[in-house]
Amino acid sequence: MIDPVGIAGIVIGLGIALWQNRKAVRAEADLNSAMDAVPGRVADALKTIISAGNTPEVKAAQPEGWPGGVEYVDVDGDGKKELAVQYPAGAHGSQLKVFKWSHHGDFAEIGHLGVGTPVGFDFGDFDGDGKPEIRTEETDWSAGLPYVTAPRMTLLYRWNGSDFVEVSRRKNPEPETA
């Protein structure tokens with residue numbers, strides 16, 4: 001003989017388990033959404049900290065139009081944004097470090113670039129192929145001129161899965177002289 005109370009207990013127990021599972025799935029989705037927002041908030045906080053240190057003396061020491069600072073952009077082409085931190089290095093150089101966010105709550109450096117000019121780095125699809133590149137400039141030493149007057153070359157770099165590789169190098173047009 002079947003016990004109706006026992007069957008009712010099983011049905012109620014299954015109902016409670018399904019309800020708790022739905023709550024857990026929603027909570028996990030909410031947590032993932034909150035974790036996805038963290039890197040952007042970190043980037044915004046770093047921008048605020050960096051700009052707070054931009055006294056008139058600091059701004060005067062930076063080249064005009066230098067984009068130094070923090071960007072939160074997709075650098076490696078995986079559809080997820082990375083934290084890109086660029087800063088001056090030495091008398092004339094620029095450095096870039098790129099960090100990937102993990103849902104474990106930390107950033108890990110995936111790569112870095114350095115150049116000998118103070119122009120910094122820009123991010124975008126500069127060659128129209130649909131893939132993200134990093135654009136910067138380097139001194140064209142083939143002209144045999146000193147650093148100050150040597151022409152510059154525009155370089156494009158792309159992430160290849162393990163490192164940034166140069167994908168394009170072109171000479172910049174000579175500035176017109178009056």
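Remember, it's a predicted structure, so these values are computed and weren't measured experimentally. (Residues numbered from 1 in each chain as written. Predicted model: local features only at pLDDT ≥ 70, side-chain atom pairs only at ≥ 80, totals over all residues. Heavy atoms only, no water.)

The next subject is the confidence of the model for the protein chain. With 75% of its residues at a pLDDT of at least 70, the protein chain reaches an overall mean of 79. Here helix H2 (residues 56–61) stands out as the least confident element of the protein chain, with mean pLDDT 53; strand S7 (residues 152–159) is the most confident, with 94. (pLDDT = per-residue confidence, 0-100. Helix = DSSP H or I, 4+ residues; strand = E, 2+ residues; numbered from the N terminus.)

A word on a nonpolar patch on the surface. Judged by side-chain polarity, Ile2, Ile7 and Val11 come together as a nonpolar surface patch covering roughly 300 Å² of accessible area. Assignment of secondary structure puts Ile2 in the segment before helix H1 (4–52). Among the residues examined, Ile2 registers a relative accessible area of 64% and is labelled exposed. (Patch = residues over 30% accessible without salt bridge, like charges linked within 9 Å, V, L, I, M, F, W, Y side chains within 5 Å. Areas by Shrake-Rupley, 256 points an atom, 1.4 Å probe, with all protein chains shown as cover. Salt bridge = Lys/Arg side-chain N within 4 Å of Asp/Glu carboxyl O. Buried < 20%, exposed > 50% of the residue type's maximum accessible area, 1.4 Å probe, protein only.)

The tally for this structure, following the rule as stated, stands at 10 salt bridges. Here Asp127 makes a salt bridge to Arg158, at a shortest N to O gap of 3.2 Å. Of this pair, Asp127 sits in the loop between strand S5 (122–124) and strand S6 (133–139) while Arg158 sits in strand S7, and the two are 31 residues apart along the sequence. Note that Asp140 and Lys171 form a salt bridge whose closest N and O atoms lie 3.5 Å from each other. Residue Asp140 is found in the loop between S6 and S7, and its partner Lys171 is found in strand S8 (residues 164–171); the two are separated by 31 residues along the sequence. Residue classification places Asp140 among the buried positions, given a relative accessible area of 5%. In the salt-bridge network here, residues are joined through shared partners; they are Asp76, Asp78, Glu82 and Lys100.

Turning to the pairing of S7, a few remarks are in order. Counting buried positions along S7 yields eight of eight residues, so the element is predominantly enclosed. Alternating positions in S7 separate into two faces, Arg152, Thr154, Leu156 and Arg158 on one and Met153, Leu155, Tyr157 and Trp159 on the other, with burial throughout. In the sheet, S6 pairs with S7 via six bridges, with the strands oriented antiparallel. Looking at the pairing, Thr136 lines up with Leu155 of S7. Two strands pair when backbone bridges link them, and S7 and S8 are joined in this way by seven bridges, in the antiparallel orientation. Bridging across to S8, Met153 finds its partner in Lys171. From the end of S7 to the start of S8, which pair antiparallel, there are four residues, and Gly161 there has a positive phi angle of about 110 degrees. (Pairing = 2+ DSSP bridges.)

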